[in-house]
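Architecture and fold: a report
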Amino acid sequence: MRERRRERLKSLLIRELSDILRIEIDLPDKAFVTIHDVNLSKDGSKATVFISALKKEDAIKAVEILNKAAGYIHHILGKRLKLKVVPRPEFVISPGDLL
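Note that the coordinates shown come from a computational prediction; the quantities given were computed from them, not determined experimentally.

**Overview of the pattern of salt bridges**
- The final tally for this structure, using the stated rule, is 5 salt bridges.
- E7 is the salt-bridge partner of K10, the closest N and O atoms lying 4.0 Å from each other. Separated by 3 residues within a single helix, K10 and E7 lie in helix 1 (residues 3-23), roughly one turn from each other.
- Judged by relative accessible area, K10 falls into the buried class, the value being 15%.
- By relative accessible area, E7 is classed as partly exposed at 39%.
- As a salt-bridge pair, D37 and K10 come within 3.9 Å of each other at their nearest N and O atoms. Separated by 27 residues along the polypeptide, D37 in strand 1 (residues 33-40) and K10 in helix 1 bring together distant segments of the chain.
- Sharing partners across several salt bridges, the network here consists of E16, D19, R22 and R80.

**Comments concerning the sheet that holds strand 3 (residues 88-93)**
- One open sheet accounts for 3 strands, arranged 1-2-3; its pairing is mixed. In this open sheet, the two strands that pair with only one neighbour each are strand 1 and strand 3. Taken pair by pair, the neighbouring strands of this sheet meet at an average axis angle of 30°, ignoring direction.
- Bridge count for strand 2 (residues 46-53) against strand 3 is 6 bridges, and the pairing is parallel. Each bridged residue has a counterpart across the sheet, and for V49 the counterpart in strand 3 is F91.
- Docked against the sheet, helix 1 engages strand 1, strand 2 and strand 3, running at close to 150° with respect to strand 1.
- Here helix 2 (residues 56-68) sits on the sheet and contacts strand 1, strand 2 and strand 3; the angle it forms with strand 3, its principal contact strand, is near 165°.

**Some words on the nonpolar core**
- In terms of nonpolar packing, the biggest core is built from 28 residues, with L13, L17, V33, I51, L66, I73 and L77 touching the most fellow members.
- Every element with two or more residues in this core is listed here: helix 1, strand 1, strand 2, helix 2, helix 3 (70-80) and strand 3.
- Here this core takes 5 residues from helix 1, the largest share from any one element.

Calculation criteria
Residues numbered from 1 in each chain as written. Predicted model: local features only at pLDDT ≥ 70, side-chain atom pairs only at ≥ 80, totals over all residues. Heavy atoms only, no water. Salt bridge = Lys/Arg side-chain N within 4 Å of Asp/Glu carboxyl O. Helix = DSSP H or I, 4+ residues; strand = E, 2+ residues; numbered from the N terminus. Buried < 20%, exposed > 50% of the residue type's maximum accessible area, 1.4 Å probe, protein only. Pairing = 2+ DSSP bridges. Axes fitted to C-alpha atoms, helices over the stretch in contact; angles between N-to-C directions. Contact = heavy atoms within 4.5 Å. Core = buried A, V, L, I, M, F, W, Y, C linked by side-chain atoms within 4.5 Å.

The structure is reproduced here in structure tokens:
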């Protein structure tokens, strides 16, 4: 995948995933979760989504919830994005939040 296309797809995924998290997914009420970054595989079939939260406990709980809902999130992305291969998301805690 060319670098320019990869960067455009990353920014599109961040925008769409943020919207999906805000509207579609039930996270704990006081958990303020944001998408920090997205890493795409070389073929664009997998996306590692780095999230951060104000509290470490909220980030851990959010990762568990989001990884359980990854299939549903992938389905919603497939409806919203007109791509041949829609990246399957895997959620992890941003390295800066692990401290």
